[in-house]
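Okay, here's what each chain looks like letter by letter:
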Amino acid sequence: MSSGQNAYYIGVDVGTGSARAALVKQDGTLVASSTVETQTWRDPQDHRIFEQSTTDIWNAISKTVKAVLADAKVSPLDVKGLGFDATCSLAVSDFDMNPITVTKGDQLGQVGERNIVLWADHRAEEEAELINSTGNVVLDYVGGVMSVSDDFSWADATFLQLEMEIPKTLWLKRRMKPELFARCQFFDLPDFLTYRATGNNLRSTCSLTCKCSYVPNSGWQPDFFHKIGLGEFVENNYRQLGGVDGQVATAGLPVGKGLSKQAAEDLGLLEGTPVGSAVIDAYAGWLGTIAARYKEGDKLSEYVPNLDESRHRLAACAGTSTCHIVQSPEGVFVNGVWGPYKDPVFPGWWMNEGGQSSTGQLIDFMIKTHPAYPKLTELAEQQQVSIHNVLHDELEKLRKENGAESFTELTKDMHFYPDLHGNRSPIADPRMRGSIVGLTLDDGLGDLARKFNLTLEGIALQTRHIVDEMNAKGHAIQSIYMSGGQAKNIPLMQLFADTCNMPVVLPASSSAAVVLGAAMLGRFAAELQSGSHHHQTDSQTQSEARWKIMVDMTPPGTLIAPAASKKEKRLLEAKYKIFRESIEIQRRWRKEIDDASK
């Protein structure tokens, strides 16, 4: 390991619409950042189709990496390691790394640019339904869909598998010529990026376990692949999927001999620069936030967290939707929550992943579809502030006019259930829909402000529902560590703290946490490759070394403590009880209507 001021690490984050690189110092200081947009192809005849290109993405990565080196005037000699994260999208190549077309039609299976089935692509609905109907053990690790509810059907469960890679792979198998399918390799995108960077086919535990139906402690399941029609994977010893004979890597382990000659030329770095085993983007967000120390007011807490503390910290990456990730020393099964996944980041540790399908998107929808939205935007322009500031001021005015102690009291007679896009966690029911109780004949700015607060409240109440279910099944969550755009919404963050009755820690930079997590993978690979922590050391030593890197590189966050008055606590408890009851009422009503429709 290079330990002076001249040690830098590069993190690369490939999101849905862009690739971003960040140059990071050993203490986690972000020195330079660059983003390049990537292309997504749609099918005008099929709204389910979203496709991308690894060639396009790699070109974007190359531009961003060269840009951060140029901006910071840093020599490639000083870049000691490189890490990747990406969306959980299916990338397809042949065994010579040539991209294979995934677009339906006569070019399917031929060498061509469009070789990624994006995570948002829902073409494989029939294949997902088939997989869910098997009742195989692999389903135990995607939220226990077999025991969701009495009126649950396998068709309802489809969304639990649509983000996974095996349904997409099966869709390709069913439509591709056998001889063309046989020459394909199938990757979760993070693993393809380390393959492209190093030429080494080593797969990550994160991608295989979380998205490819690789079962903890037992690996690939031959009966599962035979049953769904992918028996050739078993016959060829999973050569097309990787992970052969248990050869998988936890996060940040060195891949191959580092950057290949070609990749080094593409990126403007040195051949042999260590490359860490990759993770899915949400897990990079976990890496980049969960080890933070925190400030209360202006004072930095003296407490330095240890690895065991991680099991008490829930990472919530909140943007358009929200992903909740927690780590535990033992596997914990929670209905409607993916996992438990073993070893995705730390050897010997398990992780669960919950989620809300629409949060930031929901806030935007509730604001923009209200009749008073034009008035809101007009006022924001006049005052030269954000629309959220205008809404907050309007709520404060209404609170005073109504003699209410809090915004919660102001909207105490209104109740909102927020699953306009179905429920992912913790009830795993895509048929759930939103509802509002307490409507009046009011379409003015005050009504919009109330519904804005009610939306934040609904998201917070559902967050508590997810935390409560996780803890009821065996987790020990005591705090929430935020990243993503919603971390800038301080009233929402305070509402999280008050509703969940636990501290919320905001990152130093809400937008940098994910790419910082990727850079940490580069540092871990560099330290292992250089012998600071020998590659064959026991998992506990490896884990402690990885945790120390996370603590070293994570800037201090800001703690928001619960601050509700006794009265507001009572109101939030009552609202939470009503929130939970509304789920049962909706399901009962649905069953009554379904029965009446037969």
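Within any chain, residue numbers begin from 1 and follow the written order of that chain's sequence. Reporting in this predicted model follows two pLDDT cut-offs: at least 70 for local features of residues, and 80 or more for side-chain atom pairs to be given and counted; totals over whole chains, interfaces and linings ignore these cut-offs and use all residues. Side-chain numbers here rest on the full set of heavy atoms in the structure, without hydrogens or water.

Peer 1: When you look at the nonpolar core in this model, what are you seeing that I'm missing?
Peer 2: Nonpolar side chains in soluble globular proteins generally cluster together in the buried interior. Residues grouped as a nonpolar core are buried Ala, Val, Leu, Ile, Met, Phe, Trp, Tyr and Cys residues, joined through side-chain atoms within 4.5 Å. Exposed residues in this analysis have more than 50% of their type's maximum accessible area, buried residues have under 20%, and partly exposed residues fall in between, with area computed by a 1.4 Å probe over protein chains only. Grouped together as the largest cluster of nonpolar side chains are 84 residues, with contacts concentrated most on Leu-172, Phe-186, Phe-225, Tyr-283, Trp-286 and Met-550. Runs of H or I in DSSP of at least four residues are treated as helices and runs of E of at least two as strands, each being numbered from the N terminus. Counting residues per element, this core draws most heavily on helix H18 (residues 513–530), which supplies 9 residues. The contacts of Leu-172, once residues within four sequence positions are left out, are Leu-90, Val-92, Val-102, Leu-108, Phe-181 and Phe-186. Judged by nonpolar contacts, the second largest core, of 50 residues, contains Val-390, Ala-460, Ile-477 and Leu-492. Any two residues whose heavy atoms approach within 4.5 Å are treated as being in contact.

Peer 1: Hey, could you run me through the packing of aromatic side chains in this one?
Peer 2: When we look at a pair of aromatic rings, we describe it by the centre distance and by the angle of the planes. Pairing of aromatic side chains requires ring centres within 6.5 Å, counting the rings of Phe and Tyr and the six-membered ring of Trp. Pairs whose planes differ by under 30 degrees are stacked, by over 60 edge-to-face, and all others tilted. A full pass over the atoms with the stated rule returns 17 aromatic pairs. When the centroid spacing of 6.0 Å and the interplanar angle of 75° are considered together, the rings of Phe-192 and Tyr-195 count as edge-to-face. With Phe-192 and Tyr-195 both in helix H6 (residues 189–198), this residue pair falls 3 residues apart, about one helical turn. Residue classification places Phe-192 among the buried residues on the basis of a relative accessible area of 3%. Classification of Tyr-195 by relative accessible area gives buried; the value is 6%. Between the aromatic rings of Phe-225 and Tyr-238, the centroid separation amounts to 5.8 Å while the plane-to-plane angle is 55°, which identifies the pairing as tilted. Within this pair, whereas Phe-225 is found in helix H8 (residues 222–228), its partner Tyr-238 is found in the loop between helix H9 (231–235) and strand S11 (248–249), the two being separated by 13 residues in sequence. There is no split in this pair, since Phe-225 and Tyr-238 are both buried. Taken together through their ring pairs, the aromatic side chains of Phe-181, Phe-186, Tyr-214, Trp-220, Phe-224, Phe-225, Phe-233 and Tyr-238 make up a single cluster.

Peer 1: How do you make sense of the packing of helix H16 (residues 445–472) against helix H20 (residues 566–596) when you look at a structure like this?
Peer 2: Note on geometry: axes are C-alpha line fits, over the in-contact stretch for helices, and angles between N-to-C directions span 0 to 180 degrees. It is the contact of H16 with H20, at a shortest axis distance of 10 Å, that shows an interaxial angle of 75°. Considered as vectors, H16 and H20 are oriented roughly perpendicular to each other. Listed contacts from H20 to Leu-454, Glu-457, Gly-458, Leu-461, Gln-462, Arg-464, His-465, Asp-468 and Glu-469 of H16 are Leu-572, Glu-573, Lys-575, Tyr-576, Phe-579, Arg-580 and Ile-583. The class makeup of the residues in the contact of H16 with H20 is 6 nonpolar, 3 polar and 7 charged. The cut-offs work like this: below 35 degrees is roughly parallel, past 145 is roughly antiparallel, 65 to 115 is roughly perpendicular, and the gaps in between are oblique. Under the scheme applied, nonpolar residues are Ala, Val, Leu, Ile, Met, Phe, Trp, Tyr, Cys and Pro; charged residues are Asp, Glu, Lys and Arg; polar residues are all the others, including Gly.

Peer 1: Honestly, the side chain of Arg-196 in this entry has me stumped. Any pointers?
Peer 2: Tracing the backbone through its elements, the reader meets Arg-196 in helix H6. What qualifies as a polar contact is a pair of N or O atoms within 3.5 Å, subject to a donor-acceptor requirement within protein and to the restriction that residues adjacent in sequence count only when both atoms come from side chains. Of note is the side chain of Arg-196, whose polar atom sits 2.9 Å from the side chain of Asp-266. Once you skip the residues sitting within four places of it in the chain, Arg-196 turns out to touch Trp-58, Met-97, Ser-260, Ala-263 and Asp-266.

Peer 1: What exactly am I supposed to notice about helix H17 (residues 490–500) here?
Peer 2: Residue pairs three or four apart in sequence face the same way in an α-helix, which turns once every 3.6 residues. For H17, the buried fraction is high: 8 of the 11 residues fall into the buried class. Residues of H17 that are buried include every one of Leu-492, Met-493, Leu-495, Phe-496, Ala-497, Asp-498, Thr-499 and Cys-500, and no others. Asn-501 sits one or two residues past H17 and shows a positive phi near 55°.

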